Amino acid sequence: MKKLLTIGTALAGLAFTVATAAAETKPAVLYDLGGRFDKSFNEAAYTGAEKFKQDYGIEYRDFEIQNDSQREQALRNFAKRGMNPIVAIGFSQANAVEKVAAEFPDTQFAIVDMVVDLPNVRSILFKEHEGSYIVGLLAAMASETGKVGFVGGMDIPLISKFACGYKQGVAAANPDAEVFENMTGTTGAAWNDPVKGGELAKSQFDRGADVVYHAAGGTGIGVLQAAADAGKLGIGVDSNQNGLHPGSVLTSMLKRVDIAVYQAFEDAENDSWSSGFEVLGLKEGGVDWALDDNNAELVNDEMKAAVEQASQQIISGEIVVHDYMSDESCPN
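Focus: the environment of Leu125
1) Next: Its location among the elements puts Leu125 in strand 6 (residues 121–126).
2) Next: For Leu125 and Leu233, which are 108 residues apart along the polypeptide, the C-alpha to C-alpha distance reads 29 Å.

Points about the packing of aromatic side chains
1) Next: The final tally for this structure, using the stated rule, is 9 aromatic pairs.
2) Next: Centroid distance Phe52 to Tyr56: 4.8 Å. Interplanar angle 25 degrees. Geometry classified as stacked. Of this pair, Phe52 and Tyr56 both sit in helix 2 (residues 41–56), separated by 4 residues, roughly a single helical turn.
3) Next: The exposure class assigned to Phe52 is buried, which follows from its relative accessible area of 0%.
4) Next: Relative to Phe265, the ring of Tyr60 has its centre 6.4 Å away and its plane inclined at 45 degrees; by these criteria the two rings are tilted. In this pair, Tyr60 sits in the loop between helix 2 and strand 3 (61–64) while Phe265 sits in helix 9 (residues 257–269), placing the two residues 205 residues apart along the sequence.

Considerations on empty space enclosed by the protein
1) Next: Under the definition given, this model contains 1 cavity of 30 Å³ or more.
2) Next: Approximately 220 Å³ is the volume attributed to the largest cavity.
3) Next: Lining the largest cavity are 19 residues, with Phe41, Ile159, Trp191, Gly217 and Asp238 sitting closest to its centre.
4) Next: Residue assignment for the lining of the largest cavity shows that the elements contributing at least two residues are helix 2 and helix 6 (157–173).
5) Next: The biggest single contributor to the lining of the largest cavity is helix 6, with 3 residues.
6) Next: The residue inventory of the lining of the largest cavity, partitioned by class, reads 9 nonpolar, 5 polar and 5 charged.

Looking at the nonpolar core
1) Next: Grouped together as the largest cluster of nonpolar side chains are 66 residues, with contacts concentrated most on Phe109, Phe150, Phe162, Tyr166 and Tyr213.
2) Next: Apart from residues lying up to four places away in sequence, Tyr213 is in contact with Ser132, Val135, Gly149, Phe150, Val151, Phe162, Tyr166, Ile235, Gly236, Val237 and Met253.
3) Next: Counting residues in hydrophobic clusters, the runner-up holds 24 residues, among them Ala49, Val87, Val257 and Ala264.

Some points on helix 6
1) Next: Compared with an ideal rise of 1.5 Å per residue, which puts 17 residues at 24 Å, helix 6 spans 25 Å between its outermost C-alpha atoms and is within 8% of the ideal.
2) Next: Burial runs high along helix 6: 12 of the 17 residues are buried.
3) Next: What helix 6 keeps buried is the set Leu158, Ile159, Ser160, Lys161, Phe162, Ala163, Cys164, Gly165, Tyr166, Gln168, Gly169 and Val170.

A short note on the sheet that holds strand 11 (residues 249–255)
1) Next: Taking strand neighbours across the sheet as the criterion, the 6 strands line up as 8-7-9-10-11-13 in an open arrangement whose pairing is mixed. Either end of the sheet is taken by a strand with one partner, and the two such strands are strand 8 (178–185) and strand 13 (287–289). Each neighbouring strand pair of the sheet contributes to a mean axis angle of 15 degrees, computed without reference to strand direction.
2) Next: Pairing of strand 11 with strand 13, which is carried by 3 bridges, proceeds in the antiparallel orientation. The residue of strand 13 that forms the bridge with Met253 is Trp289.
3) Next: Here helix 5 (residues 128–142) sits on the sheet in contact with strand 7 (147–154), strand 9 (211–215), strand 10 (233–238), strand 11 and strand 13, set at roughly 170 degrees to strand 11.

Some words on unusual backbone geometry
1) Next: Cis rather than trans, the peptide bond between Asn84 and Pro85 has omega equal to 5 degrees.
2) Next: Along the polypeptide, Pro85 turns up in the loop between helix 3 (70–80) and strand 4 (86–89).
3) Next: The phi angle at Asp271 is positive, at roughly 55 degrees, despite the residue not being glycine.
4) Next: Exposure remark for Asp271: the relative accessible area of 55% places this residue in the exposed category.
5) Next: Even without being glycine, Glu328 reaches a positive phi, approximately 55 degrees.
6) Next: Residue position: Glu328 is located in the segment after helix 11 (324–327).

Considerations on the pattern of salt bridges
1) Next: Inspection of the entire model under this criterion finds 17 salt bridges.
2) Next: Note that Arg71 and Asp32 form a salt bridge whose closest N and O atoms lie 2.8 Å from each other. Of the two residues, Arg71 sits in helix 3 while Asp32 sits in the loop between strand 2 (28–31) and helix 2, which places them 39 residues apart along the sequence.
3) Next: Across the pair Asp258 and Arg256 runs a salt bridge whose closest N-O atoms are separated by 2.9 Å.
4) Next: Classification of Asp258 by relative accessible area gives buried; the value is 15%.

Overview of the packing of helix 5 against helix 6
1) Next: Following both chains from N to C, one finds helix 5 and helix 6 inclined at 40 degrees, their axes separated by 6 Å at the closest point. Put simply, helix 5 runs oblique to helix 6. Crossing hand, helix 5 versus helix 6: right-handed. Within the contact between the two elements, helix 5 uses Glu128, His129, Ser132, Tyr133, Val135, Gly136, Leu137, Ala139, Ala140 and Met141 and helix 6 uses Leu158, Lys161, Phe162, Gly165, Tyr166, Gln168, Gly169, Val170, Ala172 and Ala173.
2) Next: A class-by-class count of the residues in the contact of helix 5 with helix 6 yields 12 nonpolar, 6 polar and 2 charged.

The rules behind each value
- Residues numbered from 1 in each chain as written.
- Predicted model: local features only at pLDDT ≥ 70, side-chain atom pairs only at ≥ 80, totals over all residues.
- Heavy atoms only, no water.
- Helix = DSSP H or I, 4+ residues; strand = E, 2+ residues; numbered from the N terminus.
- Phe/Tyr/Trp six-rings, centres within 6.5 Å; stacked < 30°, edge-to-face > 60°.
- Buried < 20%, exposed > 50% of the residue type's maximum accessible area, 1.4 Å probe, protein only.
- 1 Å grid on protein atoms, 1.4 Å probe; cavity = no way out; pocket = protein on both sides within 12 Å on 5 of 7 lines; lining within 4 Å.
- Points joined across faces, edges and corners; volume = space filled by probe spheres on them.
- Nonpolar A, V, L, I, M, F, W, Y, C, P; charged D, E, K, R; others polar.
- Core = buried A, V, L, I, M, F, W, Y, C linked by side-chain atoms within 4.5 Å.
- Contact = heavy atoms within 4.5 Å.
- Expected span 1.5 Å × (residues − 1).
- Pairing = 2+ DSSP bridges.
- Axes fitted to C-alpha atoms, helices over the stretch in contact; angles between N-to-C directions.
- Salt bridge = Lys/Arg side-chain N within 4 Å of Asp/Glu carboxyl O.
- Parallel < 35°, antiparallel > 145°, perpendicular 65-115°, else oblique.
- Left-handed = near helix turned anticlockwise from the far one by under 90°.

Bear in mind that shape data such as this cannot, by itself, settle questions of function.
Right, dumping it as structure tokens:
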């Protein structure tokens, strides 16, 4: 079995095309803990699958795991039933994808947020640090106290990647700003604990923060609720969460898992499937920030101009946002 690569080392790889025989597209999605309607990461995947169904008239299957032991079982059941392609959402699916994809070499698999080095697996990564930089810039410009916060879900390098990009964006707008940072836990339960998310956000508000960004899946719903209750500002993640508390969500850092799922399904349908890995950042439209009627009054022209300038500078390479996962450090 080929080695399971880390995201850091995988960036040296090259994508390659897999020749597959034409077959009926029977797509499937396996969500991570938190479920399809977590208003965040998993729901973005659901949105992409639904759009594909609407555009192509092709039904898909999906499954919400309740515990880690179900990952491998669900993938194998999909493969045995002829589902193809099968998209697994979340880095925690990596070991199960590696094992099951090796057992079903003629089935196309995709995984979001981790690289699995097998010829029938597409690995999809995002430059979360770039999108987080942008919302950090907005947080610092919106803050009246010079203190902002970050609440992460599971304490892993991927979530530190969000936090690090955010802190760099804050510092770019206000070098003297203070950033409070808390992680929710060290197990998968950290993605689905809105009560604790709310408690962590409240503790940061009590210390003077007036804007808090979450990267915590379903736990983040509690962060945004706490911000609304306190009359402060929250920042959503993955999906557009501006509408959860209109006027209290400054913006949302969009991680376009919906596009990744849609593209995987569409490529399979159009016989243009490719394996290997891809990395989606601002330039590729893989990350972005959300502006709509729910937060329009919170983002003034100066903030919009600053975001537009920073985005172009990141895309051009003039601004390089440090990727925490490259060396597991965050510049001061």
